[in-house]
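Okay, here's what each chain looks like letter by letter:
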Amino acid sequence: MAPPRLTGALRSFTNVSKREDPTEQFYDLKAKRVKRQELFAREGLTWQKIVHFCSEHQDKAKQQGASQELKSLIQAAKQIVGTEHGQEVIECAAVFLFETFLNKDHVGTEETRAIKQMFGPFPSSAAEASCASVARLVGPLDDSKVDDFIKTHHPRYHHQRDSAFGCNINFSYDFYTLDPLEDLQVSDLGDERVDVDFVNFLNNQLIGYKSASEDDVPHSGTTLSSGDGSILRREVEKYLEGGNMISSNPEELCTSLFEMLTSHRSDDELQNELFELLGPEGLEMISTLLQSRTAIVDSFLSIPNEQTGYLPDVSQKVSGEITKPAYGCQVIIQSEKEKQMMKIYRREEKKEKKRAKGSDDGDFSEAVMIFDPKEMRAQREHVLLNARNEPLLTRERVYERIRYPNVYDSYAEATKAPAFVGGARLLLPEGIHRENNKIYEEVEIPYNEPMPVGFEERPVYISELDEVGQLVFKGMKRLNRIQSLVFETAYNTNENLLICAPTGAGKTNIAMLTVLHEIRQHLQPDGIIKKDEFKIVYVAPMKALAAEMTNYFSKRLEPLGIIVKELTGDMQLTKGEILRTQMLVTTPEKWDVVTRKSVGDVALSQIVRLLILDEVHLLHEDRGPVLESLVARTIRQVESTQSMIRILGLSATLPNYLDVAAFLHVNPYIGLFFFDSRFRPVPLGQTFVGIKTTNKIQQIHDMEEVCYNKVLQQIKAGHQVMVFVHARNATVRTAFGLIEMAKNRGEICFFQPDQGPDYGQCEKQIQHSRNKQMKEMFSEGFGIHHAGMLRSDRSLMENMFSKGHLKVLVCTATLAWGVNLPAHAVIIKGTQIYDAKRGAFVDLGILDVMQIFGRAGRPQFDKYGEGTIITTHDKLSHYLTLLTQQNPIESQFLGSLADNLNAEIALGTVTNVEEAVKWLSYTYLYVRMRANPLVYGINHKALQMDPALKLHRKELVVESGRKLDKARMIRFDERTCYFASTDLGRTASHFYIRYNTIETFNELFDSQKTEADILSIVSKAEEFDQLKVRDEELEELDQLLQNHCILFAAGGVENGYGKVNILLQTYIGRGEVDSFSLISDLSYVAQNAARIVRALFEIALRKRWPAMTYRLLNLCKVIDRRLWGFAHPLRQFPNLSHVILNRLEEKRLTVDKLKEMKKDEIGHMLHHVNIGLTVKQCVHQIPAFTMEASVQPITRTVLRVLLIITPDFRWNDQVLCFTYTSGPWVRGRAMVVVGRRPHQ
């Protein structure tokens, strides 16, 4: 049931509202808002309406031409607005261009200004193309039809929709004219307040009503006639007789209505209030009262007080204190004392009534006044004042919060102010500033003052450490505050640790302290470190961060001779390299794969002594299950082998740190350290801006506007700003857009760099760059930075920004991850980012936001930093909740339970249901299921009956076991509850293949499939399910299909799996892709397809399908080297041009022929004399072997085969970046003895 709205909650205490129907479905406010947004989206001119109109009013012959023009218009809109915002924005831009160029034959200054104001700088060719397309579109159509179409759908023709509230209440004004309110006699009284005596008025009404009913003759003199004074009373009686407002009496309703009629509100305003009070049943009464409003008020004001008498029944009601009218939203709150006093008052009143039955009216009036209402009111106010300081509920439950020694959480202790932001109720810190206008809603959270230093706190100086510590921390004077607090536990104990601290607080050095503790454990008295006894694994969330951490730890640990290597999907290590390495920096997925294998790499996982998990708060994201699986596997290994593996969790501040500590098996009194934002090295002020409009184009325009104002505000204050966007081409577009706005407003002088002594030298460096856009914007004080730029250009931009020559740097999130380049202020413009894994635009992850905000504030320079995030209004509360740590981190493990269970069964750590149930108890899922059962579909009753949730865990395991058994990945005997792994299950585990993909393989894969069929099967894998075909991609996909697809692409461009097939063949053929989303999709397909094909190869090998195995092996090489099997092998060498390679293929010069030819011969054949030597060198770098075999019979059935393999090529590390690990394969039943001859 939806929570009641404020007005509804208050009106429910009155009898004004109509009775609620309990069977009626309650209207959800959120659903109402969504429906309203959809309605607004459908209103006005949309692209679908334009397409329908243009195709509907033309014959079939011309429809194709119109369709082509519509495509041209969309293409022009794409050039102007870019592709990074999605199809909806492009269509909105096309509608804007259609409206702009309608009835225009050329691109004028007004049109140019309108487009520039909306989109910023744009290519003039796109505007001209769109103008021509619009002209050709509407040319064949009738002008009147076009005008009618525009008038029907354009919002400017629909002002009548914005009429005032209450316009639907119809009153019949046919038979009279309302007198203006200014004619009321009240207006002649000046500024003096009119004391309206309601008692006097009511008596007059009663007298007038009686006289009217008795003889229907108007009273003379001062009494009211039936035509004016008694109208109100008569209408009230008639209204109440109709069964309306049963609990109200005539006197109270007359009082309320008269008070409203004498107010200074106009008739239009008053009609709405009267309608709210009386409901639809009182429409006739409202009409009559408004008609006679002046007469009713005049008749009362014209009667002197002394000519009126009190009626007994009226005096009982209104003596001394007027009863409040029962309309609007009146709520009376009474304390216990007041209730008792009112009971006594009513009891005494009844007694007085009985006594007064035999007495006259005069005695009665005296008896009534025994209880003075004024005195009672004073007492009531006194009681309310006292009650204000008392709790609302008398039996308030006070929960005592457990205090942990190393938790500094001001959020949990401080009082907060609840607020509604973007429609969601949030608890926000004190001192916030909120601004709410038509364009945006802004919430500004000021920076926190640093936590005062405690008496027991003292910094740890490097000079106090032992020799190992001093060597590693050379160049540092002391540890920072957080590191000093953690030092004793990290450096001198084996305790598991969870460190929650803000970004930039120095968590990496805490990891270094634990690394040093582990190294010291294996340090001999003579100073030698036993390097083969331990391994340290650092799990970083991203490959970019893994590379950065590898460099950091390598430099620091070099004096100790500790080798640090990166082990990710990009950086493979041989077994020998892994054995020689003491510290591995890896990603969660890679380490999960390594620990999943029960042979070979198992020795590696068994000598791990320290596991460092960076960014543990990723548990609530898609990659969370991988972390859960790693930790559960590690802790079970500790318990089963009784070996010591220390776990260190590093995290940003998160709300339910106790749950994460329980999951990591951290003692909260020793190993849990929580530091809130007060411990940030540079305090951070945060600003959240939510753009209100739902129109996509207007949204982008408003974001640009707000972004410019925020940037200008910082620049005027003398600060540098970094603006983060989410696409490479968006950096250039945003930078030029900001420059254009600054020039238009005459404020470009604020951005231009100061002409310092080294400015001329820097300008020369910029001019040497080949990046044209970078040169253009440097003189205006702007720069760009993204991964698509040359390394030299990126370094140049970083250098210029750090020197202060650039005031504004527009960049992508790669800058926040890879380079430590802080600025006083950072701004995130927009939060929609394309995610290839989901095949759609998603919200920017909290990890990225925190990393970007971590760049705000320069240590030693700034007192505080400022982070601003500009998003849409509906996402405002989402980011506020995330960044003020109000959402508990939940587990995502259920979604991949079957895959992880299969991995454990394949590894041999889970063999039956009981062990699987036990294994689940080590996951974060188990911790959160007990803490918050409803989220995971468990009711409280089930939790009370089974506190350990053993039955529920068993249900989950059995269900997953059945699914895996059905897919033939395991064998599950439900009678004995035992699991047994199969070859298929082991392959799926080792190659990270999902359960649903294996089901697809079981259905489609057999030994007779061709290469085209294999690519089709791979394209249908669940890993690619989220890749959908978008309308804007169809044209480009069609071109890719024609130009780069050698094999038949099943599904074509219309289906998702067809799209995957096309992208995979384009990747192999080294084709170029233009669309922003297709580039991301291509990268994702390439990464995953190679792994899936290798898994298929393994499956075919296990099934003993030799022809299929060979076919798949070739396909693996084709994808790995991005080269079709029929293409010339020299295409793998980047130093040979396409012209040379094409000539080699035309002349059919195979590698064997080229080996036999001399370099001069090759040069003449290719019409390029000097290229012969290069080709000859490349040919001799292609791996080739010579083999010698001798066969000798040993017995009748056994042959001894001596096989000598000698390499016949020159090794080149740059080209031959692979390692050969497996021996030769021999088909048939034979014993093989392999010998090696060393190659000099």
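Look up a bit, the structure's there.
Here the structure is a predicted model, which is why all the values come from computation and not from measurement. (Residues numbered from 1 in each chain as written. Predicted model: local features only at pLDDT ≥ 70, side-chain atom pairs only at ≥ 80, totals over all residues. Heavy atoms only, no water.)

Trainee: Tell me about the sheet that holds strand β11 (residues 646-651), and please be specific about residues and values.
Mentor: Within the open sheet, the 8 strands sit side by side as β1-β12-β6-β11-β10-β7-β9-β8. Their pairing is parallel. Across the chains shown, the open sheet's two edge strands, defined by having one partner strand only, are β1 (407-408) and β8 (564-567). Pairing analysis gives 4 bridges linking strand β7 (residues 535-539) to strand β9 (residues 583-586), with the strands arranged parallel. Bridging across to β9, Val537 finds its partner in Leu584. (Pairing = 2+ DSSP bridges. Helix = DSSP H or I, 4+ residues; strand = E, 2+ residues; numbered from the N terminus.)

Trainee: Go over the sheet that holds strand β4 (residues 433-436), please, and point to the residues and values.
Mentor: Read from one edge of the open sheet, 8 strands run β4-β5-β13-β20-β17-β14-β16-β15, paired in mixed fashion. Of all strands in the sheet, those with a lone pairing partner are β4 and β15 (782-785), marking the two edges. Between one strand axis and the next, the sheet turns through 15 degrees on average, direction left out of account. Sheet topology note: the β4/strand β5 (residues 440-445) ladder contains 4 bridges and is antiparallel. Residue His433 lies in a different strand from β5, and its bridge partner there is Glu444. Sheet contacts for helix α29 (residues 696-716): β5, β13 (684-691), β14 (721-724), β16 (808-811), β17 (825-829) and β20 (865-872); angle to β20, the most-contacted strand, approximately 170 degrees. (Axes fitted to C-alpha atoms, helices over the stretch in contact; angles between N-to-C directions. Contact = heavy atoms within 4.5 Å.)

Trainee: I'd like a rundown of the pattern of salt bridges, residues and numbers included.
Mentor: Using the criterion set out here, one finds 26 salt bridges in the structure. Residues Glu780 and Lys743 are paired through a salt bridge, measuring 3.7 Å at the closest nitrogen-oxygen approach. Here Glu780 is found in the loop between α32 (772-778) and β15, whereas its partner Lys743 is found in helix α30 (residues 728-744), with 37 residues between them in sequence. Using a relative accessible area of 13% as the deciding quantity, one classes Glu780 as buried. Classification of Lys743 as partly exposed rests on a relative accessible area of 46%. (Salt bridge = Lys/Arg side-chain N within 4 Å of Asp/Glu carboxyl O. Buried < 20%, exposed > 50% of the residue type's maximum accessible area, 1.4 Å probe, protein only.)

Trainee: Lay out the pairing of β15 with the relevant residues and their values.
Mentor: Of the two faces of β15, the one carrying Phe782 and Ile784 and the one carrying Gly783 and His785 are both buried. Note: β15 against β16, 4 bridges, orientation parallel. Each bridged residue has a counterpart across the sheet, and for His785 the counterpart in β16 is Cys811. With helix α33 (residues 791-803) bridging β15 and its parallel neighbour β16, the resulting β-α-β unit is right-handed. (Right-handed = clockwise from strand over helix to strand, strands pointing away.)

Trainee: How would you summarise helix α42 (residues 983-990) if you had to cite specific residues and measurements?
Mentor: Regarding α42, the residues found buried are Leu984, Gly985, Thr987, Ala988 and Ser989. After α42 finishes, the residue Tyr992 shows a positive phi value of roughly 60 degrees.

Trainee: Quick rundown of the packing of helix α45 (residues 1034-1044) against helix α46 (residues 1056-1068)? Include the residues and the values.
Mentor: Relative orientation of the contacting elements α45 and α46 amounts to 50 degrees, with a least axis distance of 9 Å. Looking at the two axes, α45 sits oblique to α46. Judged by the sense of rotation from one axis to the other, the crossing of α45 with α46 is left-handed. Contact residues: Leu1037, Leu1040, Leu1041 and His1044 in α45; Lys1059, Ile1062, Leu1063, Gln1065 and Thr1066 in α46. (Parallel < 35°, antiparallel > 145°, perpendicular 65-115°, else oblique. Left-handed = near helix turned anticlockwise from the far one by under 90°.)

Trainee: Account for the packing of aromatic side chains, naming residues and giving values.
Mentor: Enumeration over the complete set of coordinates arrives at 19 aromatic pairs. Ring geometry for Phe972 versus Phe979: centroids 4.9 Å apart, planes at 35 degrees, classification tilted. Since its relative accessible area comes to 8%, Phe979 is described here as buried. Taken together, the ring pairs in this structure connect Tyr408, Phe673, Phe675 and Phe679 into an aromatic cluster. (Phe/Tyr/Trp six-rings, centres within 6.5 Å; stacked < 30°, edge-to-face > 60°.)

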